Structure formats: C-alpha cells, structure tokens
Amino acid sequence: MPLYAARPAIRITVAGILIVVAGCSAGSGVRPDPQSATTSTEPPTTTTRATTIPSRYGGTVVVGVGDAGSPRTLNPFLDGPDAAVLDLIGPAIFARGWIAHPVTGLPVADVLESVPSLGNGLVVDNGNGTMEVTAVVQGGAHWADGMPISGDDLAFTIAVATDPDLPIRGDLADLYGLILPGSVRPSPKSVTFTMEATTAYERLFAVIIPRHGVEGSDFAADWNDEAWIEAGPFVVGEFVAGQLLSLERNEEYWKTAEDGGALPYLDRVIFRFYESAADPDPRLLDGFNSGDIDLVALASAQDTAEPYLALEDAEVTTAPGPIWTFLNFQFGPGNRNAISQNRHLEYRRAVAHAIDREALALERGTAPVSSVLSRFGLASGEGPWDQYAYNLDAVESELFALSQLIDLDPFAGDGLDLSLTVPGNSAAEIAIAGQVVTMLRDAGFDAELQLEDSAVFFGPTFDNGAWDVGSWGLSSAPGASNAAAFFTIFDPDGLPFVGSNFFRWGTIDSTVTGEAVDRYRDLVDELQGLIDPAEASILMALAEEILADQVVFIPLVVRDDVGVAWWASRVEGVTLNPYGGIAWNVASWRRIG
C-alpha cells in the first residue's frame, strides 16, 4: 500500500498494495496509496466541445502536473517518493511489457507478444509449488538506438530487480523475488524461468531495462538525471528535477498507427511540474487560461475540474480514480485506547451500521464501496459489505448485545471511547474522517479525531500497532494478483515482520481468535499456492465474505475521481486511462492548432 502527503508523495507498500496518505512532510503511498487501487468498468464522463480538423504530424504539447508531485529521479526501479509521477509519465519513454487497459485496468501486452497465462501456455504448473513462466518479446520491438529488445533484456531486468545490494522499490523486489535464483534462461526473443506458484506473474515486466545501455553502470546513481535508452514514443531531451521534463520524438519508435502510419504524431511533449498540496497550485489554471499549458492532469477531479469545465473550448474527461478510503481496527496489544472494544464483533458491527457510506459518497461526489473485489476489477454489483446499511436501530441493538459481554455501559455518558486516527494532512481524508466521527457521535459513540504525521504513523505507530481505529486511502491496481496481495495482508500467520498483518487480526498476539480466523488462515494458505486467476477469484470471494462478516475493516468510498482537461482546439487524441497514467496513449496525441 503507498502513502500521499502534502508535498511530493510518500509511497509505502505492504504486500504490493499501495497505501495512500497525504502527510505534512511527504506525499504518495502503504508499499507497509498514490498508485493502489480502485477499479471501475464505468466509461469516463466527457464534456465535449467542437474541434477543428487536425494536421497529422508535428507540434508541441505542454502538460501541467500538480497533484502527483515532481520527480527527482528518472529511475522507476528505485524506492522513494517519485514512483507516482513516474507512473504518470513513464509510458512516454519506457519499454513496457504491458499496459493497463483504460476501462478494466487489466494488463494488455505491449512490448511482449502476450501477457503470460495458463491459457496461452506461457505459464505451466509444475505441480510442486512452482511454475515455469515464459515471456516473449514482440518481433520488431526495439530500443531508440535501433537495437532489438531481447530476451536478454528481460533476464537483465530480473537480475537488477533481485539484486540485494540495490535500493529497489519494495513492491518490485518482492515481486521479482518470487523467481527462483539460477532458473532464468534467456533466448534471443524470450526468457523462461521458474517461479513460486502465484498469480503475480501477470505483473512482471511493467518496465524493461536495456542490458546494453545499463550494464556496468551505477544503477542507483547514474539514472536519476538522465534516462536509460528509451523504447517509448519519445526520448528525453531535457530534465530539470522538480520543474520540467522535455521529451523529443523517438525517430526509431517501432509501433505504428492502425492505418500503418508512423508514430508518434507530435515532435515534442513538455511536462511542467507544480507544487503538490491540499489546494491546487493556482499556476496550473493560470497557465491553462493563458495558453502556456495545453493539458492538465486532474487527480481530484470532483474538487478541481469545475473551473476548467467553465472554459469555452476546454474538454474535460473524468472517471472514478484509483484510491478508496477504508476504516480499520487495531486488534493487537499495542492499541493506544486502553478501553478499546475492537475485540468484540458486536462493537464492530455497531460501528459499521453507524456510518452512512451513501452520504459520505454523496458529499465526496464519488461512490460507496460495497465490494473490495470490485476495486480490483473482479466483481460488480452488490457486495458483502452491503449488509451494514446505515441503521441506528441496528447500532442500538448491537450495543445492547455488547453490554451483556462487558463491564462498561455502552449507553452511559457520551458512549464508548473511540479514537480515529488519520495519518497525514490530506484534506480529502480529513474531511471523510471528520464526517465519520460526526456520524459515530450521533450514533452514541464518544468518538474523537486524531491527526498524526504520516512519517510517524507509518513508522513506529504502524509497526507497533499503536492506533485504535484508523482511516486512510488504498490504491490497489486491478488484477487477481493484486487482489491476492491485499487479502494476504490479513493472514493470521502474518504477524509483523514475518508478514504484513499490521492490523493483527487473528495473529498470535491478537485479541481475536476463533473459527473465522482459522478458516481465513486456511483460505490464504490455499490462495498463495494458486496459479489460475479464476480459481483465485473464487477463494478471494470467500475470503471477503469472512472479512465482511467479521467486520475486520469497513470500506467507505472511492476517494477521488481522476481526470484530464485540454484545449480541444489545440490537441486531439487524448483519452483518459485511470490506471495507465496521463501519457498512456501519448503517441496518438495530435497538435491541431
């Protein structure tokens, strides 16, 4: 999970899930959410203006980026706060094995001939807890210097990502670490290797590293200010850390348009980076109004799109974004609330019924989350969390049942103490948590809101399980492997730091035990050995039912819509992809005025 902060985002990942928190000193992503992740199959909402007939080639487009921070490195494999913005711009320059589909978010082959799977024969179950995986490079795919992208490049990417002496991003190190040492066998256009049984193979080779351009370099130092050999539609012309990235047309780009014409259409794309803060940097809108900026990325579209919609000839497209907010309980002995009732299911059910998720979504201008699997593109419609509709009578009934189990009177005074902690200073997260606290107070809880610096919370507080009830954003990318990583977080055998169950539900030091914990443990054990995404989805549906029935956490709402605004009289071909970054189809952009 990654973290977000008011300044350039902090990214923290737990089991491949990005925790998103805005903090006072850092910003984006627990990789202990931005990217993380929300999934939707709803088509983007578009406000369309009239356009002129475009010329085919040439021109420059200037892109304004504010909410994702500004990169201090061009190396997407390094750990740190730059991954969020590199995810936005990376498709313009890097060799990508696959891209995220703009509607489902699921991987679609790009440099690779196809995404490895059981169905296409590129994944073979060895029947002993391991599998053979083969990745094949498309014929004709080559680097900007004309050298073919090869199986040796894929093997080199694995070697770099698994080098223990390099500061590789935690999620990538964990992913590539599933490949058995000594099993990598490259050939001219492919690589085959043995991997622990998992569905995570679908996430390999999101970025491919050129062996002939990188081998022998200081990987951690040499690729911060300059890019290695590109294979995307553009190459890096100029990079000023924190300010701008100027890209020039890749004359050796290997992909073509549907009609066989050369790509890209533009000569140049310039990304300008602005301050990431609770309020949008006013220079973005000013630059757009003056014509200095042609296109603006909108990370929180429901908060930022209105002034762009008001402009004649501006086109704005929005869609549900990748971040969803959840409320969670701490079940370990380090809980700072000495009289916390988190261990009691009746208490957690009462909390769930006290929260009006429909009202939260209406206020936020997004949608409630009733199915976690839907956030990974694996379910739709009603979910197991719908059983906890806002119902004050149900709250009273659950609290009465609780009163028969504890020495305290849940109805005395201001009610039972509940401390809700929000890490960081994200205006959106604070607003949502503030509404939740108000709802809990109205339902008879003595609830208080606590704000804690992100670096502190996702440091000693998180490590030691020292919060009572928490709320933050998760950005969980679509796909069975990402969903499996999420459900594995709550593994009762995953006590930190052997595992990632920082919530300590059912762990050896937990206040919660029982049949549900045992059933969940067995499901996770079985899930971790599965290769077939369809089989994994069945188990994950059962796992989500347990988590919902036990109210281990409460999914709340999609936190933000994402969007893009551009001048329709100047630029054509822009298509929003909530999962693939603003530049995912930059090769098809055209300058028309």
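In short, a report on the structure. (Residues numbered from 1 in each chain as written. Predicted model: local features only at pLDDT ≥ 70, side-chain atom pairs only at ≥ 80, totals over all residues. Heavy atoms only, no water.)

Right, let's talk about the packing of aromatic side chains for a bit. By the definition in use, this model includes 39 aromatic pairs. A ring pair is formed by Phe457 and Phe462, whose centres lie 6.2 Å apart and whose planes are at 55°; its orientation type is tilted. For Phe457, a relative accessible area of 0% translates into the label buried. Using a relative accessible area of 1% as the deciding quantity, one classes Phe462 as buried. Lying over the aromatic face of Tyr265, Arg590 brings its terminal NZ or CZ to 4.2 Å of the ring centre. (Phe/Tyr/Trp six-rings, centres within 6.5 Å; stacked < 30°, edge-to-face > 60°. Buried < 20%, exposed > 50% of the residue type's maximum accessible area, 1.4 Å probe, protein only. Lys NZ or Arg CZ within 6 Å of the ring centre and 35° of its normal.)

This part is about the nonpolar core. When a protein is soluble and globular, its nonpolar side chains tend to lie buried together. Membership of the largest hydrophobic core comes to 79 residues, with the highest contact counts inside it found for Phe205, Phe219 and Phe271. Considering every element that reaches this core, the biggest residue donor is helix H2 (residues 151-161), with six residues. Counting residues in hydrophobic clusters, the runner-up holds 77 residues, among them Val395, Phe445, Val524 and Ala536. (Core = buried A, V, L, I, M, F, W, Y, C linked by side-chain atoms within 4.5 Å. Helix = DSSP H or I, 4+ residues; strand = E, 2+ residues; numbered from the N terminus.)

Okay, the sheet that holds strand S10 (residues 190-196) next. With respect to topology, four strands assemble into an open sheet ordered S7-S8-S10-S9, the strand pairing being antiparallel. Pairing within the sheet leaves two strands with one partner each, and these edge strands are strand S7 (123-125) and strand S9 (185-187). Each strand of the sheet is rotated relative to its neighbour by a mean of 20°, with strand direction disregarded. (Pairing = 2+ DSSP bridges. Axes fitted to C-alpha atoms, helices over the stretch in contact; angles between N-to-C directions.)

Here we come to the side chain of Gln550. Tracing the chain through its elements places Gln550 in the loop between helix H15 (533-549) and strand S20 (553-558). Of the residues examined, Gln550 reaches a relative accessible area of 19% and is grouped as buried. If near-sequence neighbours (up to four positions away) are discounted, Gln550 is found in contact with Leu345, Arg348, Trp505 and Ala516. (Contact = heavy atoms within 4.5 Å.)

Once that is clear, we can look at unusual backbone geometry. With omega at 0°, the peptide bond leading from Leu263 into Pro264 counts as cis. Tracing the sequence through the fold places Pro264 in the loop between strand S12 (244-249) and strand S13 (268-273). Of the consecutive residues Pro496 and Phe497, the connecting peptide bond is found in the cis state with omega at 10°. Along the chain, Phe497 turns up in the loop between helix H13 (480-489) and helix H14 (515-527). Here Phe205, not a glycine, exhibits a phi torsion of approximately 65°, which is positive. In this fold, Phe205 is placed in the loop between S10 and helix H4 (211-214). Since its relative accessible area comes to 2%, Phe205 is described here as buried. Phi at Arg504 is positive, roughly 60°, even though this residue is not glycine. In this structure, Arg504 sits in the loop between H13 and H14.

Taken by themselves, the reported measurements are silent on function.
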